[in-house]
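# A closer look at the structure
Here is what each chain is made of, one letter per residue.
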Amino acid sequence: AQSVAQPEDQVNVAEGNPLTVKCTYSVSGNPYLFWYVQYPNRGLQFLLKYITGDNLVKGSYGFEAEFNKSQTSFHLKKPSALVSDSALYFCAVRGSYNFNKFYFGSGTKLNVKP
Amino acid sequence: EAGVTQFPSHSVIEKGQTVTLRCDPISGHDNLYWYRRVMGKEIKFLLHFVKESKQDESGMPNNRFLAERTGGTYSTLKVQPAELEDSGVYFCASSQDDRENTEAFFGQGTRLTVV
């Protein structure tokens, strides 16, 4: 069965500090991993994805994510947080079987304080 | 290029009433999905259209929910009669294909409140 866990409901970080939003997954077959962000009153916006190859994936707005197969994790990172990064972040997975649907985590609210 | 558009953005209805949500996908996207997020939990799959055909409706909660995509363009999701537990945010998404490495583009969601 496919599932995603985001263990932190909320992450607080000061502007300029590095940030990490955690995600672990369980999937049948090869994992295809995604991060989406939802800004207030906006839709889900695609940030980045891991398909294959380099374990460090770079995406929009300076975000990156590291795929770790042994730990089944796909943590989202940014070296220096901005106040404008404050939003709700969702990790999602598609497996190589039954891949027409995304399985999402419960979301992590990122608060970046000035 | 316009993104995925959903209407209305908010809806408040009484238990037992009917509500219809609409989704306009990105032009040319054959694949259209409905998802739902209830009470701050994970976003869950409801169903998947390829053009006008229902490819997968395994996530539909019960027969009070009816989705249509006549003509393979916009889609509607009707809840009749609505119950309190139907409250949540309903997201629509579209993509050009349904391969496992393809991201989907999501709308802003419809927040449904059943009172």
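Residues numbered from 1 in each chain as written. Chains lettered and ligands numbered in written order. Predicted model: local features only at pLDDT ≥ 70, side-chain atom pairs only at ≥ 80, totals over all residues. Heavy atoms only, no water.

With that settled, consider the overall build of chain B. Per the secondary structure count, chain B includes zero helices and eleven strands. Starting at the N terminus and ending at the C terminus, chain B contains elements arranged as β-β-β-β-β-β-β-β-β-β-β. Computed over the C-alpha atoms, the radius of gyration of chain B is 13 Å, within 12% of the 13 Å expected from 2.2 N^0.38 for a compact globule of 115 residues. Principal-axis analysis of the C-alpha atoms gives chain B an extent of 35 × 25 × 25 Å. Relative to its full complement of 115 residues, chain B shows a buried share of 50%. Within chain B, contacts between residues separated by at least 24 positions form 53% of all contacts whose residues are at least 6 apart in sequence. Surface accessibility of chain B: about 5700 Å² in total, with carbon and sulfur atoms responsible for 46%. (Helix = DSSP H or I, 4+ residues; strand = E, 2+ residues; numbered from the N terminus. Rg over C-alpha atoms; globule rule 2.2 N^0.38 Å. Buried < 20%, exposed > 50% of the residue type's maximum accessible area, 1.4 Å probe, protein only. Contact = heavy atoms within 4.5 Å. Areas by Shrake-Rupley, 256 points an atom, 1.4 Å probe, with all protein chains shown as cover.)

Contacts between the two partners involve 22 residues from chain B and, on the opposite side, 22 residues from chain A. Counting each side, the surface lost to burial between chain B and chain A is near 1900 Å², with a carbon and sulfur contribution of 56%. Contact with chain A buries surface across chain B, with Ile43, Glu100 and Phe106 of chain B losing the most and accounting together for 31% of the total. At the boundary of chain B with chain A, the tally comes to two salt bridges. In this structure, Asp56 of chain B engages Lys101 of chain A in a salt bridge whose closest nitrogen and oxygen atoms are separated by 3.1 Å. (Buried area = accessible area lost by both parts, 1.4 Å probe. Salt bridge = Lys/Arg side-chain N within 4 Å of Asp/Glu carboxyl O.)

Turning next to the pairing of strand β6 (residues 53-56) of chain B. Looking down a regular strand, the side chains alternate between one sheet face and the other. Of the strand pairs in this sheet, strand β5 (residues 43-50) of chain B and β6 of chain B are connected by three bridges, and their pairing is antiparallel. Each bridged residue has a counterpart across the sheet, and for Val50 of chain B the counterpart in β6 of chain B is Ser53 of chain B. (Pairing = 2+ DSSP bridges.)

Our focus in this paragraph is the nonpolar core. The tendency in soluble globular proteins is for nonpolar side chains to be buried as a group. The biggest cluster of nonpolar side chains holds 28 residues, and the ones touching the most others in it are Trp35, Leu47, Leu48, Phe74, Leu76 and Tyr89 of chain A. Looking at this core, the elements that each hand over two or more residues are β2 (10-14), β3 (19-21), β5 (31-38), β6 (44-50), β8 (64-68), β9 (73-78), β10 (87-95) and β12 (108-113) of chain A. If one sorts the elements of this core by residue count, β10 of chain A sits on top with four residues. Filtering out sequence-adjacent residues up to four positions away, Leu48 of chain A remains in contact with Leu33, Phe34, Trp35, Val57, Lys58, Gly59, Phe63, Glu64, Ala65, Phe74 and Leu76 of chain A. Among the nonpolar cores identified, the runner-up in size contains 21 residues, and Ile13, Leu46, Phe49 and Cys92 of chain B belong to it. (Core = buried A, V, L, I, M, F, W, Y, C linked by side-chain atoms within 4.5 Å.)

Residue and element names in this part refer to chain B. Applying the stated criterion to the full structure yields eleven salt bridges over all chains. A salt bridge links Lys15 to Glu83; the shortest N-O distance between them is 4.0 Å. Linking Lys15 in the loop between β2 (10-13) and β3 (19-24) with Glu83 in the loop between β8 (75-79) and β9 (88-95), this pair joins segments that are 68 residues apart in sequence. Assessed through its relative accessible area of 52%, Lys15 is described here as exposed. Since its relative accessible area comes to 21%, Glu83 is described here as partly exposed. Between Arg22 and Asp24 there is a salt bridge, and its shortest N-O distance comes to 2.8 Å. Salt bridges linked by common partners bring Arg64, Glu85 and Asp86 together as one network.

In this structure, Gly29 of chain A sits in the loop between β4 (24-26) and β5. As for Gly29 of chain A and Tyr97 of chain A, which are separated by 68 residues in sequence, their C-alpha atoms are 6.4 Å apart.

Turning to the packing of aromatic side chains, a few remarks are in order. Counted according to the given criterion, the structure contains 18 aromatic pairs over all chains. Here a set of aromatic residues connected by ring pairs shows up, and it is made of Phe34, Tyr36, Phe46, Phe90, Phe102 and Phe104 of chain A together with Tyr33, Tyr35, Phe45 and Phe106 of chain B. Of note, Arg94 of chain A hangs over the ring of Phe102 of chain A, and the distance from its end group to the ring centre comes to 4.2 Å. Here the guanidinium or amino end of Arg22 of chain B rests over the ring plane of Tyr74 of chain B, the centre of that ring lying 3.8 Å away. (Phe/Tyr/Trp six-rings, centres within 6.5 Å; stacked < 30°, edge-to-face > 60°. Lys NZ or Arg CZ within 6 Å of the ring centre and 35° of its normal.)

Glancing now at the sheet that holds β3 of chain B. Hydrogen bonds between backbone groups are what pair the strands of a sheet, and the pairing can be parallel or antiparallel. Residues and elements named next belong to chain B. Read across the open sheet, the four strands follow the order β1-β3-β8-β7; overall the sheet is antiparallel. Strands with a single pairing partner mark the edges of an open sheet, and in this sheet they are β1 (5-7) and β7 (65-68). Across the sheet, the axes of successive neighbouring strands diverge by a mean angle of 15°, strand direction being ignored. Summarising the sheet, β1 and β3 pair through three bridges and their orientation is antiparallel. Across the sheet, residue Gln6 finds its bridge partner in β3, namely Cys23. (Axes fitted to C-alpha atoms, helices over the stretch in contact; angles between N-to-C directions.)

Treat this as a map of the structure, not an account of what it does.
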